[in-house]
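# Observations on chain architecture
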Amino acid sequence: MSVVRTVLLLWVCVGPWVSTYGALVISRDSEVLMMTGTIKHIEKRSINDPEVEIQSVRLDCKVTSRFAYTVMTTKALNKGNSSKEIFFEVELPKTAFITNFSMEIEGKTYVGEVKEKEKAKKQYEKAVSSGQTAGLVKASGRKMEKFSVSVNIAALSPVIFTLTYEELLKRHLGKYEIMTRVKPKQLVQHFEIVADIYEPQGIAFLDAYGTFLTNELLPLVEKTVTDKKAHVSFSPTLDQQRKCPDCDGTLIDGDFFIKYDVNRAESIGDIQIVNGYFVHYFAPADLPRVPKNVVFAIDVSGSMYGRKIDQTREALLTILSDLHEDDFFGLVLFEGEVTSWRPSLVKANESNVLAAKEFVKTISALGSTNMNDGVLTAVRMIKNDKQHKLLPEKSVSMVILLTDGRPNSAESRVQHNVRNAINGSFSLFSLGFGYDLDYGFLDSMAKENDGLARRIYEASDAAVQLQGFYDEVASPLLSDVHFKYPDNAVNSLTNSHFKQLFNGSEIIVAGQLTEYDLDNFLIEVSGQGLDDYMLQGKATAQEWDDTFPEKEYIFGNFTERLWAYLTIEQLMEKKDKGSPEERANATAEALNLSLKYNFVTPLTSMVVTKPEDKENPYDVMIADKLTEEQRGGPQDQDIRQVQYYHPAPPTYYVDGDPHFIIEVPEMNDALCFNIDERPGTIFNLVSDPVLGIVVNGQTIGDKKVDPGSKLNTYFGRFGIVHQTLGIQLVVSTDGITVFLNKKTTQFDWSETILAKNEIMDLQITKDRSLTVTLKDSVKFVIILHKVWKKHPYHQDYLGFYTIDSHLLSPRVHGLLGQFYHGVQFEVSNLHPGEDPEKPDATMDVKGHKLTVTRGWQRDFRRDVKNGEKVPCWFVHNNGTGLIDGSPEDYVMSSLF
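Residues numbered from 1 in each chain as written. Predicted model: local features only at pLDDT ≥ 70, side-chain atom pairs only at ≥ 80, totals over all residues. Heavy atoms only, no water.

## Points about the overall build of the protein chain
Counting its secondary structure elements, the protein chain contains twelve helices and 55 strands. In the protein chain, buried positions account for 59% of the 896 residues. In the form shown here, the protein chain has an accessible surface area of approximately 36200 Å², with 47% of it arising from carbon and sulfur atoms. (Helix = DSSP H or I, 4+ residues; strand = E, 2+ residues; numbered from the N terminus. Buried < 20%, exposed > 50% of the residue type's maximum accessible area, 1.4 Å probe, protein only. Areas by Shrake-Rupley, 256 points an atom, 1.4 Å probe, with all protein chains shown as cover.)

And the structure:
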C-alpha cells in the first residue's frame, strides 16, 4: 500500500476575550482550499460515503478553578475495499492554546510537536514549493476557528483523531460559558459530551442546554451539581439521534452550552495554591457601582451611510435608556468636521436623555473620517469637566469610539495624539464596525489607553452587538485596582494592577512562590470606589489532597499551566506596545513559555508528521490560527455552518391587511401575498420542531364595515413559544405577557424597557415596537400600529418581522417559516395588467406557473407611520401555488 508523508503546521494567536468553545465537525462533500500560490480541489469522501463510518465522537472537558482542559476524540472506519481519504475537522475558540494533536493509524500514533514558528516555517516552505497541500485552518464566524486535517486510510482500517486544548474561562456578565459545536453529519454509534467542573469556591448555579435539543433529546442531558463540583453529560443512542424512525439523518446539529458561576464573598477573593504556584480570583460580591462619565465618539462619515448608521442610531437609543441617573455622558460626531451635542458632559436625568435621543434620531452619515479631532474632542470634554470639578469626584471616565474606516490622517499620528491626550487618566474602548478598517491600529490604540478593541460584525444584530459591549462596561465597581503580595514570597507575577473592575467580570492574578512557609503570606487589595477600598488577608498553603480532594477533576499542575497561559496572553499584548527593547523581551519570554508548556501560540507552530506516500512525499497542511486583525472580511469566513456571522440575512414579515412579504436577496427581489380570513382566525406563522420555536398569530377586523365594502383583517395578537427553554409570550395591542418558570410578567407599551435574562432579551420601544431576542437564536420584531381611539372604522394592530431566520433549523415551516431557507422562482412574459402602473408576469415557482402582479408593500420597522416601500411580485388567491398546501392547513385552534 502506498502511504503519504504529510506535515501539519499549526500556528495560533490570541484574540480578544471569548468564552471557551469547542466543536466537532465532519467535512462537506468537497471544498476548495487556497494556499500560497496554490488552489487544490479536494474530493472529501468522509461525508455521504456509506463506506466511511464514524464509530465514536467524544468530547471530554475538565474544568478546575476556571481552567478548562478539553480533549476531542473521533474514531472513524474505512469499511471499503480500497483506501480512502478521511477528514477530521474541529472548531475551537480563538483564545484556546492547542497542546496536542495525534492520529492513531494501523497501531501507530503520530503526535504533533510544537516548534518555534520560524523553524517550522522552513519545513513547510519545502512542501509548498512542491504544490502539495492538504488542509487549512481558517476563521469560522465570530468566535471560532476551524482546524482540519486529512489522512489516507487503508481498506477496512480505523483511524483515531485526538485534539487537546486548554483555556482560562473568563467571566462575562456574571457567568462562565463552555460551548461545543457538534455537526457529525451522520449517525454515530457512540456519541458523548462529558464535562466535569470543580470549583473550590462552590458552584452558585449551572445550566446546560443545546440549540439542537428536541423535547425527546432534552431529558438525555444529565446534570449533577453538588457544593463544589458538577457533572454534565449527553449521550444519545443511535436511534435517539435519528430525525425520524426510518431515516439516517441526525438531530445532532448545533451548539451545546454549559453556563455557570461560583459563590463569592466580601473578601480579598479566592486564592488557590498548588505545587508552588498560586492563582488569585477577585470579584467581590455586593460592591456598589461607581458613577461613570462616558463620551461616545461616533464616526458619521460617508462609509457609515445606510444600514450601519441606522443600527448605530438604534443601539445608541437603547444605550441612552440604560444610563444610570448618576452617570454623566456626552456625544461627539465626526466626519470631515466634528460636532458635539453639548460642549460638556451632562447628567443622565430624564430630560437630558430624552433630548439626546432626539439628537441621535437626526444623525446622518456624510464626509471623510476625521478620527483624530473626533477622539481628541471627546478626551478634552472629560478632562475639562474634571478640571472644573463638573463630574463626580468618585467616578470612572471612558471614551467609547465607534468607527468603520481608517482616519484621514496618519494612524501613527492619531495614536500618538490620543495617547498623549489621555495620559493614563482614563480608558479608551475602540469598536471597529466591519472589515474596511485597520483593526490592529484600533486594538493597539485601545490597549495603550487601558481599554480594549472589539469588532462589530456587519450583520442584522449589529445594534445588539453594540449594546452587548456597552453592557460589559456599563457598571464599573472599582478603578485603579492594585494587588500587593509579599516581595520575598512571590516572583514571575502576572499583571497586578488593573484600570477598572466591571460588574459581572473577574480579575485574575497568578504567580510563582519562592517559599512554602506562607503563614505570613499577607495580601493587600486596594482600589477606588464609592468608598476607598482596602482589604487585607492571609493565604495558607494546603496539601494537594486537602485543597483538591476530588482527584478526578484535576489535570496535572493546573495552577502552573494557568499561570503560563495568563502570562503568555499578557506578554502577547505587551509585545505590541512599549519601547523596541520591551517588545523584544516580551516576545522572547512568550516564545520560551510557549515551547516549555507545549502551547501553540502566535509564536509557535505544531508539526505533525503523517504516514509517507511515495506519490506525495511533501503533502503538507498549514493550519493558521488568526489574530482578529488577520481574520479578514466575510469572504474569509467559513459561514457554511456558523451561526454567529451572516451577512445581511433576508427579512420575512407580515404587516397590514395582512400582507406577507418574503425577501429574496440573492435575486434582489421579493414576493408578497395576502391571506383573507374571518377575524379571530389563528394562523401558524413559524414552527421549528428541532428548536421548539412556534409563533402563531390571531387576526382582528375593523370596528365596522360599510355595506358592500371589503372586510379588512389584521393581526392583533401573537403567541411565541420556545418549548425547549420553557418560554411563552403573548403580544397584543394592549401589552406583553411573559410566562417563564411558572411566573407571569406583564409589560405595556407605555414606556421604553429593556428586560434581560440568560435566555431571552425583550426590548420595548414606547408605543412603537417590541424586539424579542432568544439567546443564541432568532430575533423577532413586532411593530405596534397605533390608531386614533375614536376612529370610526380602524383599531390598533400589529406587524411581525423575523430577523436572523438563518438561525432556525432546516425543518422550520409555517406561513412565513417555509421560506426561511430560500425559495427559487423565475419571472417571464412581462405584460400590461389591469393597472397600467402594475404589470403582470408569469412566475415559475414550486412547479407551478402563476400569474403575478408587480406592486409594492411597506416595511414599517424604521418608519412606523409611513413605512418604506418594498417592491415585490404579488401572488394572488391567498398565495396559492407559492405556499405549501392551502391557508386552511395553517389554521390553529389556539395561540399555543
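From this point on, the discussion continues.
## Some words on the packing of helix H3 (residues 307-322) against helix H8 (residues 462-473)
As a packed pair, H3 and H8 sit with axes 8 Å apart at the nearest point and diverge in direction by 30 degrees. In the crossing of H3 with H8, the sense of the turn from one axis to the other is right-handed. When H3 is examined against H8, the residues Gln 311, Thr 312, Glu 314, Ala 315, Thr 318, Ile 319 and Asp 322 are found in contact with a partner set consisting of Ala 462, Ala 463, Leu 466, Gln 467, Tyr 470 and Asp 471. The residue inventory of the contact of H3 with H8, partitioned by class, reads six nonpolar, four polar and three charged. (Axes fitted to C-alpha atoms, helices over the stretch in contact; angles between N-to-C directions. Left-handed = near helix turned anticlockwise from the far one by under 90°. Contact = heavy atoms within 4.5 Å. Nonpolar A, V, L, I, M, F, W, Y, C, P; charged D, E, K, R; others polar.)

## Focus on the sheet that holds strand S32 (residues 507-513)
Backbone hydrogen bonds hold the strands of a sheet together, and the pairing may be parallel or antiparallel. Pairing within the open sheet is antiparallel, and its four strands lie in the order S20-S21-S32-S30. Every interior strand has two partners, whereas the edge strands, strand S20 (270-274) and strand S30 (490-491), have only one. Bridge count for strand S21 (residues 277-282) against S32 is six bridges, and the pairing is antiparallel. Looking at S32, one finds that Val 279 is bridged to Ala 510. (Pairing = 2+ DSSP bridges.)

## Observations concerning the packing of aromatic side chains
Using the criterion set out here, one finds 30 aromatic pairs in the structure. Ring-pair connections join several aromatic residues into one group, and the members of that group are Phe 660, Phe 673, Phe 683, Phe 715, Phe 718, Phe 780, Phe 800 and Phe 819. Across the ring face of Tyr 281, the terminal group of Arg 66 is positioned such that the distance to the ring centre comes to 3.8 Å. One Lys or Arg, Arg 854, reaches over the ring of Trp 873 and ends 4.8 Å from the middle of that ring. (Phe/Tyr/Trp six-rings, centres within 6.5 Å; stacked < 30°, edge-to-face > 60°. Lys NZ or Arg CZ within 6 Å of the ring centre and 35° of its normal.)

## Notes on the sheet that holds strand S6 (residues 67-78)
The strand order across the open sheet formed by eight strands is S9-S8-S13-S6-S5-S15-S18-S17, and the pairing between neighbours is mixed. With one partner strand each, in any of the chains shown, strand S9 (108-111) and strand S17 (221-225) form the two edges of the open sheet. Ignoring strand direction, the axes of neighbouring strands in this sheet form an average angle of 10 degrees. As defined by bridge partners, S17 adjoins strand S18 (residues 229-234) across five bridges and the pair is classed as antiparallel. Following the sheet pairing, Val 221 is matched in S18 by Phe 234. Of the strands in this sheet, strand S5 (52-64), S6, strand S8 (97-105) and strand S13 (157-168) are in contact with helix H10 (residues 558-574), which crosses S13 at around 75 degrees.

## Brief notes about unusual backbone geometry
In this structure, Lys 185 is a non-glycine residue whose phi angle is positive, near 70 degrees. Locating Lys 185 in the fold gives a position in the loop between strand S14 (176-183) and strand S15 (190-198). Phi angles above zero are rare outside glycine, and Lys 389 is one such case at about 55 degrees. Owing to a relative accessible area of 72%, Lys 389 belongs among the exposed residues under this scheme.

## Some remarks on helix H4 (residues 350-361)
The terminal C-alpha atoms of H4, which comprises twelve residues, lie 17 Å apart, in line with the 16 Å expected from a rise of 1.5 Å per residue. Of the positions making up H4, those classed as buried are Asn 352, Val 353, Ala 356, Lys 357, Phe 359 and Val 360. Within H4, the buried residues cover an arc of 160 degrees as seen down the axis, which keeps them to one side. Looking at the packing, one finds that the buried side of H4 touches H3, strand S23 (328-334) and strand S25 (346-347). (Expected span 1.5 Å × (residues − 1). Arc of directions from axis to C-beta.)

## Considerations on the packing of helix H6 (residues 411-422) against helix H7 (residues 439-448)
Running from amino to carboxyl end, H6 crosses H7 at an angle of 15 degrees, the nearest separation of the two axes being 10 Å. Relative to H7, the element H6 lies roughly parallel. For H6 against H7, the interelement crossing comes out right-handed. Here H6 contributes Glu 411, Val 414, Gln 415, Val 418 and Arg 419 to the contact with H7, which in turn contributes Phe 441, Ser 444, Met 445 and Glu 448. (Parallel < 35°, antiparallel > 145°, perpendicular 65-115°, else oblique.)

## Quick word on the environment of Ile 675
Mapped onto the secondary structure, Ile 675 falls in the loop between strand S39 (669-674) and strand S40 (682-688). Take Ile 675: its relative accessible area is 1%, and that puts it in the buried class. Those residues in contact with Ile 675 that lie beyond four places of it in its chain are Pro 658, Phe 660, Phe 683, Thr 713, Asn 878 and Pro 887.

## Considering the side chain of Thr 604
Mapped onto the elements, Thr 604 comes out in strand S35 (residues 604-609). Among the polar contacts made by the side chain of Thr 604, one reaches the main-chain carbonyl oxygen of Phe 599 at a distance of 2.9 Å. Polar side-chain contacts of Thr 604 include one of 2.8 Å to the backbone nitrogen of Thr 601. (Polar contact = N/O pair within 3.5 Å; in protein donor to acceptor, adjacent residues only side chain to side chain.)

## Here we look at the nonpolar core
Of all hydrophobic cores here, the largest spans 62 residues; its most connected members are Leu 685 and Phe 800. Sequence-distant contacts of Phe 800, that is, excluding residues within four places in its chain, are made with Tyr 652, Tyr 653, Val 654, Leu 685, Val 686, Val 695, Phe 718, Phe 780, Val 781, Ile 782 and Leu 816. Val 63, Ala 208, Val 221 and Tyr 260 belong to the second-largest nonpolar core, a separate cluster that totals 57 residues. (Core = buried A, V, L, I, M, F, W, Y, C linked by side-chain atoms within 4.5 Å.)

## As for the environment of Gly 202
With respect to the helices and strands, Gly 202 occurs in the loop between S15 and strand S16 (203-210). For Gly 202, a relative accessible area of 1% gives the class buried.

## Quick look at the state of the cysteines
Disulfides are covalent bonds that link the sulfur atoms of two cysteine residues. All chains considered together, the criterion is met by two disulfides. Residue pairing for Cys 244: its cysteine sulfur links by disulfide to Cys 247, the two sulfurs lying 2.1 Å apart. Between the sulfur atoms of Cys 672 and its disulfide mate Cys 872 the distance is 2.2 Å. Across the S-S bond linking Cys 672 and Cys 872, the dihedral sits near 75 degrees, which makes this disulfide right-handed. In this pair, Cys 672 sits in strand S39 while Cys 872 sits in strand S54 (residues 868-875), placing the two residues 200 residues apart along the sequence. Each member of the pair Cys 672 and Cys 872 is classed as buried. Each bonded cysteine of the protein chain is numbered by sequence order, and under that numbering the disulfide pairs are 1-2, 3-4. (Disulfide = S-S within 2.5 Å.)

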